[in-house]
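Coordinates in review
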Amino acid sequence: MSEDVENDHLYALYTCHVNRRHSQEQSSNEASSDPDPADPPEPDPDGDNFSLSVVATNMKAENEVELRASMVKRLSRGQLHASSGSVTNLDIGLGENGSACYYRLLQQPGEEVQEIPELSTSPTLASVCMDRYIVCLVDAVSSPLDLFRSELDMFSFSLLSLLDAWMSQLEELRVQLAGWFDEVTGYTTRCPARFQLDVSILLHVGLTGCQLTYQGPNQDDQLKEDTEKFITACSLKSLLSTTPDNKPAPPSDQPLIEVDNSVVHSSSQEQNAVVLSLEGEEYKFNCETVSKFCKNWGEKVLSAGSVSAFQVRQMLDNFKLQVIQDMNSFKRLILQAETDHYALYRCLVFTQNCGHNLLESPAVLNDPGLASLDSQDVLKVLQDYLK
């Protein structure tokens, strides 16, 4: 069922079947040999208990066979999961240094894994039910595809609506799979190309958590989707963990700031929304202020956009990492300033030089580690001085 398409961005969608006959013979042989119940079941390194059938692919036959064999082995070892996909480098005859491959076992949300009675003695086989789907998305060259793991998970999840009726919607399924690379990574290059230096405003929205609203009679749905993906990619929400009210404050060298996300959400709603007016190819942002920090990183993102999607995605991760490092440094200085006036001065200098206003960051203001009266006094002094 291979489509003869010359493409560096390949895909293969499989249905997974359990070979019942082989499993029954194996169970019969095990019963006749009367094995010790304490002995673990024999592994299935060759994947003989499984078979995969191709639903759709645009790979050449020889490469698809190699990919299928690799997936069978990983399935037999319990290395495919429905909760999220995995990215690895495979040698399937496409590139000298291997090919980046994302793979995932697909199942409907909330669906319980069904045990197969014949295979209940094997922990790896009992966790796999018949007629599941496996999606493989392949970049023909070795690339940092794992930078887009969350986007790949979202894309593979979107396929579920087509899978139940794939025989009647096969062409639509093929079209969606064929465009996986652009769907997953395209926003990273389209946003810088469209907004140029104004991409710094998207970084500002992602950093502050303020709301972005759209205006205009003819709104470009693709542009809106790209913009939302870009903001999500540079948002700190995925890096901030929630902590209960009664949890002790984390140590000052905690690698990630811990905040109450409900408070952050409430605080971000109070900030002025950024308005993006769209009319045909024209656009206009209505944004009061953008920090020097976001402007500098906007230039870096714009430069990376002319190189590749992977460079932009790495730049967005570096942007978030720098913000987290600044927050941690600022937090340590505040704690030191509770008893050291010189540390208070260093706090002031750091705030002025870092390029973005940490005193208005919800992740700082609502950090439980800075909830003491002394820390709040330090923050108030800084706020009053910088007004």
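What this report covers is the structure whose coordinates are included nearby.

Procedures and definitions
Residues numbered from 1 in each chain as written. Predicted model: local features only at pLDDT ≥ 70, side-chain atom pairs only at ≥ 80, totals over all residues. Heavy atoms only, no water. Axes fitted to C-alpha atoms, helices over the stretch in contact; angles between N-to-C directions. Helix = DSSP H or I, 4+ residues; strand = E, 2+ residues; numbered from the N terminus. Parallel < 35°, antiparallel > 145°, perpendicular 65-115°, else oblique. Left-handed = near helix turned anticlockwise from the far one by under 90°. Contact = heavy atoms within 4.5 Å. Nonpolar A, V, L, I, M, F, W, Y, C, P; charged D, E, K, R; others polar. Pairing = 2+ DSSP bridges. Core = buried A, V, L, I, M, F, W, Y, C linked by side-chain atoms within 4.5 Å. Buried < 20%, exposed > 50% of the residue type's maximum accessible area, 1.4 Å probe, protein only. Patch = residues over 30% accessible without salt bridge, like charges linked within 9 Å, V, L, I, M, F, W, Y side chains within 5 Å. Areas by Shrake-Rupley, 256 points an atom, 1.4 Å probe, with all protein chains shown as cover. Salt bridge = Lys/Arg side-chain N within 4 Å of Asp/Glu carboxyl O. Lys, Arg positive; Asp, Glu negative; His and termini not counted. Charge placed at Lys NZ, Arg CZ, Asp CG, Glu CD. Phe/Tyr/Trp six-rings, centres within 6.5 Å; stacked < 30°, edge-to-face > 60°. Expected span 1.5 Å × (residues − 1). Polar contact = N/O pair within 3.5 Å; in protein donor to acceptor, adjacent residues only side chain to side chain.

**Examining the packing of helix 12 (residues 292-305) against helix 13 (residues 309-337)**
Where helix 12 contacts helix 13, the axes come no closer than 8 Å and their chain directions differ by 160°. Here helix 12 is positioned roughly antiparallel relative to helix 13, judged by the angle of their axes. Judged by the sense of rotation from one axis to the other, the crossing of helix 12 with helix 13 is right-handed. Within the contact between the two elements, helix 12 uses Phe-293, Trp-297, Lys-300, Val-301, Ala-304 and Gly-305 and helix 13 uses Gln-311, Val-312, Met-315, Leu-316, Asn-318, Phe-319, Gln-322, Val-323 and Asp-326. The residue makeup of the contact of helix 12 with helix 13, split by class, is nine nonpolar, four polar and two charged.

**Here's the deal with the sheet that holds strand 9 (residues 274-279)**
Backbone hydrogen bonds hold the strands of a sheet together, and the pairing may be parallel or antiparallel. Strand order in the open sheet formed by three strands is 6-9-10, and the pairing between neighbours is mixed. The sheet is open, and its two borders are formed by strand 6 (212-215) and strand 10 (282-286), each paired with just one other strand. Averaged over all pairs of adjacent strands, the angle between strand axes in this sheet comes to 20°, irrespective of strand direction. Bridge count between strand 6 and strand 9: four bridges; the pairing is parallel. By the bridge assignment for strand 9, Leu-212 is matched with Val-274. This element, helix 10 (residues 221-233), spans strand 6 and strand 9 of the sheet and lies at about 170° to strand 6.

**Some details on the nonpolar core**
Counting residues in each nonpolar core, the largest one holds 77 residues, and the members touching the most others are Leu-137, Leu-173, Leu-177, Trp-180, Leu-203, Phe-230 and Phe-330. Among the elements that take part in this core, helix 13 stands out by supplying 12 residues, more than any other. Counting 21 residues, the second-largest nonpolar core is a separate cluster that includes Val-54, Tyr-103, Leu-105 and Cys-136.

**Let's talk about a negative patch on the surface**
Where like charges cluster on the molecular surface, the negative patch consists of Asp-220, Asp-221, Glu-279, Glu-281 and Glu-282. Looking at the secondary structure, you find Glu-279 in strand 9. Assessed through its relative accessible area of 54%, Glu-279 is described here as exposed.

**Focus on the packing of aromatic side chains**
The tally for this structure, following the rule as stated, stands at 11 aromatic pairs. Here Trp-180 and Phe-181 contribute two aromatic rings whose centre-to-centre distance is 5.5 Å and whose plane-to-plane angle is 85°, an arrangement assigned as edge-to-face. The exposure class assigned to Trp-180 is buried, which follows from its relative accessible area of 0%. The class for Phe-181 is buried, based on a relative accessible area of 15%. The interplanar angle of 35° and the centroid separation of 5.6 Å between the aromatic rings of Phe-293 and Phe-319 together place this pair among those described as tilted.

**Description of helix 14 (residues 341-353)**
Over its 13 residues, helix 14 extends 19 Å from the first C-alpha to the last, a length consistent with the 18 Å expected when each residue adds 1.5 Å. At its buried positions, helix 14 is contacted by helix 13 and helix 16 (373-386). Backbone nitrogen of Tyr-342 and a side-chain oxygen of the N-cap are separated by 2.9 Å at the start of helix 14; the cap is Asp-340. Immediately beyond the C-terminal end of helix 14, within one or two residues, lies Gly-355, with a positive phi of roughly 95°.

**Here we look at unusual backbone geometry**
Outside of glycine, negative phi angles account for most residues, and trans bonds account for most peptide bonds. For Gln-196, which is not glycine, the phi torsion reads 55° and is therefore positive. Looking at the element boundaries, Gln-196 is found in the loop between helix 8 (187-195) and helix 9 (199-208).

Purely geometric stuff here, so don't read any function into it on its own.
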